[in-house]
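Examination of the molecular architecture
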Amino acid sequence: SPYPPQMLCSDAVVFCNDYVLLVTRKDNGLLALPGGHVNFDETMMSCAARELLEETNLDITKYDSTFLFSEVFDKPDRSENRPFRVLTQAFAFSITSKSLPFVEAGDDAADANWYPVTELKNYTFHDDHAAIIFKCWNKASFN
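Presented here is a report on the structure given in the accompanying data block. Keep in mind that this is a model prediction, so the values were computed, not measured. (Residues numbered from 1 in each chain as written. Predicted model: local features only at pLDDT ≥ 70, side-chain atom pairs only at ≥ 80, totals over all residues. Heavy atoms only, no water.)

Let us look at the overall build of the protein. Summing up its helical and strand segments, the protein has two helices and seven strands in all. Helices and strands appear in the protein in the N-to-C order β-β-β-β-α-β-β-β-α. A compact globule built from 143 residues would reach a C-alpha radius of gyration of about 15 Å, and the protein, at 14 Å, matches this within 12%. Viewed in the frame of its principal axes, the protein has a C-alpha envelope of about 55 × 35 × 30 Å. In the protein, which comprises 143 residues, the proportion classed as buried is 45%. Contacts in the protein between residues far apart in sequence, at least 24 positions, make up 71% of those at least 6 positions apart. By element, 51% of the accessible surface of the protein is carried by carbon and sulfur atoms, the whole surface being about 7900 Å². Counting 12 positive and 21 negative side-chain charges, the protein places the averaged centre of each group 4 Å from the other. (Helix = DSSP H or I, 4+ residues; strand = E, 2+ residues; numbered from the N terminus. Rg over C-alpha atoms; globule rule 2.2 N^0.38 Å. Buried < 20%, exposed > 50% of the residue type's maximum accessible area, 1.4 Å probe, protein only. Contact = heavy atoms within 4.5 Å. Areas by Shrake-Rupley, 256 points an atom, 1.4 Å probe, with all protein chains shown as cover. Lys, Arg positive; Asp, Glu negative; His and termini not counted. Charge placed at Lys NZ, Arg CZ, Asp CG, Glu CD.)

Okay, here's the thing in structure tokens:
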């Protein structure tokens, strides 16, 4: 192909109370949204749900949850230092629960945990995942 390669990904942005669900990546040790590459036989939404389950053991369908919205993040430089462009569609969900659902790292996640949204500025994130979280948080009017 005469065109440079592009990767298509999908991410799950899951809020519960004032927390967001994140994973620590095995490859670079940075915090990230649960997500990954879209398989040829799945939709963007099913990819987000699959990656969420694989990386955190959280089955979003087993909770009182609301799908809020989805948004594409496609800035050409959103994924630095790679020989290809990465586009992602983020799917935002809100779980209604008095306590944070149990999560456990799986697949290519070294850790999975809930983080207070108000403390995210203290952490280093993979690619533009912090910007994705804050955009979803503000769009959902949680703040």
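Another point: helix H2 (residues 129–139). Within H2, burial applies to His-129, Ala-130, Ile-132, Ile-133, Cys-136 and Trp-137. Within H2, the buried residues cover an arc of 160° as seen down the axis, which keeps them to one side. Turning to H2, the residues buried within the fold contact strand E1 (6–16), strand E2 (19–25), strand E3 (31–32), strand E5 (65–73) and strand E6 (85–95). Directly after H2, the chain includes Ser-141, whose backbone phi takes a positive value near 60°. (Arc of directions from axis to C-beta.)

Let us look at the packing of aromatic side chains. By the definition in use, this model includes four aromatic pairs. Plain terms: the ring middles of Tyr-115 and Tyr-123 are 5.3 Å apart, the flat faces sit at 80° to each other, and that makes the pair edge-to-face. Among the aromatic residues, ring-to-ring pairing joins Phe-67, Phe-91 and Phe-93 into one connected group. In this structure, Lys-121 is placed above the aromatic ring of Phe-134, and the distance from its NZ or CZ to the ring centre is 5.9 Å. Directly above the ring of Phe-69 sits Lys-139, whose terminal nitrogen or CZ lies 4.6 Å from the centroid. (Phe/Tyr/Trp six-rings, centres within 6.5 Å; stacked < 30°, edge-to-face > 60°. Lys NZ or Arg CZ within 6 Å of the ring centre and 35° of its normal.)

What follows deals with the nonpolar core. Residues Val-14, Leu-21, Leu-52, Leu-58, Ile-95 and Trp-114 are the most contacted members of the largest nonpolar core, which totals 20 residues. Within the residue set of this core, elements represented by two or more residues are E1, E2, helix H1 (44–56), E6 and strand E7 (109–116). No other element matches the four residues that H1 contributes to this core. In this structure Leu-58 touches Val-14, Leu-21, Leu-52, Leu-53, Tyr-63, Ile-95, Pro-101, Phe-102 and Val-103, once residues within four positions along its chain are discounted. If you look at the next biggest cluster of nonpolar residues, it comprises 19 residues, including Val-13, Leu-31, Phe-73 and Ala-90. (Core = buried A, V, L, I, M, F, W, Y, C linked by side-chain atoms within 4.5 Å.)

As a further point, take the pairing of E6. On any regular strand, side chains alternate: one points to one face of the sheet, the next to the other face. Burial within E6 is extensive, with ten of its eleven residues counted as buried. Bridge analysis of E1 against E6 gives eleven bridges, and the strand direction is parallel. Note that in E6 the partner of Cys-16 across the bridge is Ile-95. Sheet topology places E5 next to E6; eight bridges connect them, and they run antiparallel. Of the residues in E6, the one forming a bridge with Ser-65 is Ile-95. (Pairing = 2+ DSSP bridges.)

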